Amino acid sequence: MNCCTETPTELPEKLKIGIRGVDDDHWILLSLVREVQEAVAHGHGKEVTHKALDTLVAYVRVHFNREERILRHHQFPDLAAHKAAHDSFARQTMEYFVDVQGGVTDVSQDMLAYLKKWIVEHIMGMDQEYGEYLRERGVR
Ligand SMILES: [Fe+2]
Ligand SMILES: [Fe+2]
């Protein structure tokens, strides 16, 4: 498992959408995923791992709410589709967390890789789209 050999120190250029608060949030999200990955890889106990996952799941919601507020404020036309994608992922992560808490499943590197992949692909797809829309309107 080489999840932790390279620790990036900032959000990779290809993931930046050019809006400061959002880029900061995306960096925090990916850092929180890495913290859970590291907790699992280093064999930290359930308490540490579950707490790290809890923090990640909570921040997913914080970020989605923030993003949706910005999009609503600037009347982004595809807000409904964007929000639907957020809701679906937030539901999945919450269900996963509930299963972990209930002992139905363990925190696995596979699941964490899936969460990370979703976040990265969402940033590079839907988030970049609204980034362009907002930048055209002078938002930074
Ligand atoms: Fe985002
Ligand atoms: Fe988003």
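Check the entry above for the structure.
Residues numbered from 1 in each chain as written. Chains lettered and ligands numbered in written order. Predicted model: local features only at pLDDT ≥ 70, side-chain atom pairs only at ≥ 80, totals over all residues.

Examining the overall build of the protein
On a plain count of helices and strands, the protein comes out with 4 helices and 0 strands. Along the chain direction, N to C, the helices and strands of the protein fall in the order α-α-α-α. Relative to the globule expectation of 14 Å for 140 residues, the C-alpha radius of gyration of the protein, 16 Å, shows essentially globular dimensions. Along the three orthogonal principal directions, the C-alpha set of the protein runs to about 45 × 30 × 20 Å. Burial statistics for the protein: of 140 residues in total, 21% are counted as buried. If you take every contact in the protein between residues at least 6 apart in sequence, the share linking residues at least 24 apart comes to 71%. (Helix = DSSP H or I, 4+ residues; strand = E, 2+ residues; numbered from the N terminus. Rg over C-alpha atoms; globule rule 2.2 N^0.38 Å. Buried ≥ 20, exposed ≤ 12 C-beta atoms within 10 Å, placed from the backbone. Contact = placed C-beta atoms within 7 Å.)

Focus on the packing of helix α1 (residues 20–41) against helix α2 (residues 46–73)
Contact pair α1 / α2: the axes reach a minimum separation of 9 Å and the direction vectors enclose 165°. One element, α1, and the other, α2, form an angle in the roughly antiparallel class. Handedness of the α1/α2 crossing: left-handed. Across the interface between the two elements, V22, D25, I28, L29, L32, V33, E35, V36, A39 and V40 from α1 touch V48, T49, A52, L53, T55, L56, Y59, V60, H63, R66 and E67 from α2. Of the residues contributing to the contact of α1 with α2, the split by class is 14 nonpolar, 3 polar and 4 charged. (Axes fitted to C-alpha atoms, helices over the stretch in contact; angles between N-to-C directions. Parallel < 35°, antiparallel > 145°, perpendicular 65-115°, else oblique. Left-handed = near helix turned anticlockwise from the far one by under 90°. Nonpolar A, V, L, I, M, F, W, Y, C, P; charged D, E, K, R; others polar.)

Overview of the packing of α2 against helix α3 (residues 79–101)
Packed helix pairs are characterised by how far apart their axes lie and by the angle those axes make with each other. In contact at an axis separation of 10 Å, α2 and α3 are set at 165° when each is read in the N-to-C sense. Judged by the inter-axis angle, α2 sits roughly antiparallel to α3. Relative to α3, α2 is oriented so that their crossing is left-handed. Residues H50, L53, D54, V57, V60, R61, F64, E68, L71 and R72 of α2 touch α3, and the partners they reach there are L79, H82, K83, H86, A90, T93, M94, F97, V100 and Q101. Of the residues contributing to the contact of α2 with α3, the split by class is 10 nonpolar, 5 polar and 5 charged.

Details of the environment of G131
Within the secondary structure layout, G131 lies in helix α4 (residues 109–136). On the basis of neighbour count, G131 is assigned to the partly exposed category, with 18 C-beta atoms found within 10 Å. Between the alpha carbons of G131 and I19 there is a distance of 7.1 Å; along the sequence they are 112 residues apart. When sequence neighbours within four positions are dropped, the list of residues in contact with G131 reads I17, G18 and I19.

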